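# Coordinate inspection notes
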Amino acid sequence: IGSKGVAERGKGWQGPPYVAATDVEIAELLREGERCLKSPVERGAIVNWEEFEQVLHRTLEEVQAPTTGSAILVTEPPFSSITQREQMVQLLFEEFGASSVSITLSGAMSLYSTGNRTGLVVEVGDGVSQMVP
């Protein structure tokens, strides 16, 4: 898997992307050499909504979390687009049956988890780094 999280079969591979839920599935797919693995999220933005939905379904099944009628909290990086936020809310209401959705900054949640309401949060990740005062 390269720096973009993509595994390819040969240079001309044009096969469909596949969402793998576990490291075991990823290793198996790499041994098969017949599929392309790619993240539906790049630099904190969702670039492929169909694959993102598959990841959500697999994740929620894995942890056996009920979604229908549940309140869902979503964290997002600062300066996320309104369009992306609207698509996320629509997906959670229509496909997962959420009763309510709350969207907040991930940095704010980090502060709240430590019992603070003010501070500086520095988040460094793969492709995105941010500071939230």
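The text that follows walks through the structure, step by step, so that each part is easy to find. (Residues numbered from 1 in each chain as written. Predicted model: local features only at pLDDT ≥ 70, side-chain atom pairs only at ≥ 80, totals over all residues. Heavy atoms only, no water.)

Scanning the protein from N- to C-terminus turns up four helices and eight strands. N-terminal to C-terminal, the α/β element order of the protein is β-α-β-β-β-α-β-α-β-α-β-β. Within the span of the protein, comprising 133 residues, buried residues form 23% of the whole. Nonlocal contacts in the protein, meaning residues at least 24 apart in sequence, comprise 56% of its contacts between residues at least 6 apart. With the model as given, the accessible surface of the protein reaches about 9,200 Å², and the carbon-plus-sulfur share is 52%. (Helix = DSSP H or I, 4+ residues; strand = E, 2+ residues; numbered from the N terminus. Buried < 20%, exposed > 50% of the residue type's maximum accessible area, 1.4 Å probe, protein only. Contact = heavy atoms within 4.5 Å. Areas by Shrake-Rupley, 256 points an atom, 1.4 Å probe, with all protein chains shown as cover.)

Look at any regular strand and the pattern is simple: side chains alternate between the two faces of the sheet. Here four bridges tie strand S7 (residues 121-124) to strand S8 (residues 129-132), and the two strands are oriented antiparallel to one another. Residue pairing in the sheet places Glu-123 in a bridge with Gln-130 of S8. A loop of four residues connects S7 with S8, the two strands running antiparallel in sequence, and Gly-127 in this loop sits at a positive phi of about 95 degrees. (Pairing = 2+ DSSP bridges.)

This part covers the environment of Met-131. Here Met-131 is to be found in strand S8. Separated by 24 residues in sequence, Met-131 and Gly-107 place their C-alpha atoms 7.8 Å apart. If we skip the residues at most four places from it in the chain, Met-131 touches Leu-120, Val-121 and Val-122.

This structure, assessed with the given rule, holds one aromatic pair. Between the aromatic rings of Trp-49 and Phe-52, the centroid separation amounts to 5.9 Å while the plane-to-plane angle is 80 degrees, which identifies the pairing as edge-to-face. In this pair, Trp-49 and Phe-52 are both assigned in helix H2 (residues 49-62), three residues apart and thus about one turn of the helix distant. Here the two residues Trp-49 and Phe-52 agree in accessibility, since each one is buried. (Phe/Tyr/Trp six-rings, centres within 6.5 Å; stacked < 30°, edge-to-face > 60°.)

Next up on the list: helix H3 (residues 82-94). Taking 1.5 Å of rise per residue, 13 residues should cover 18 Å, and H3 covers 18 Å from first to last C-alpha, within 8% of that figure. By the burial criterion, the buried members of H3 are Gln-84, Met-88, Leu-91 and Leu-92. Buried residues of H3 fall within an arc of 95 degrees about the axis and therefore sit on the same side. When the buried face of H3 is taken as reference, the exposed residues oriented beyond 90 degrees from it are Ile-82, Thr-83, Glu-86 and Glu-94. Structurally, H3 contributes buried residues whose contacts are with strand S4 (45-46), H2, strand S5 (71-76) and strand S6 (100-105). (Expected span 1.5 Å × (residues − 1). Arc of directions from axis to C-beta.)

In the structure shown here, the tally under the stated rule is one salt bridge. Glu-76 is paired through a salt bridge with Arg-85; the nearest N and O atoms lie 2.7 Å apart. For Glu-76, a relative accessible area of 11% gives the class buried. Of the residues examined, Arg-85 reaches a relative accessible area of 31% and is grouped as partly exposed. (Salt bridge = Lys/Arg side-chain N within 4 Å of Asp/Glu carboxyl O.)

Interpretation in functional terms is not warranted from these geometric data alone.
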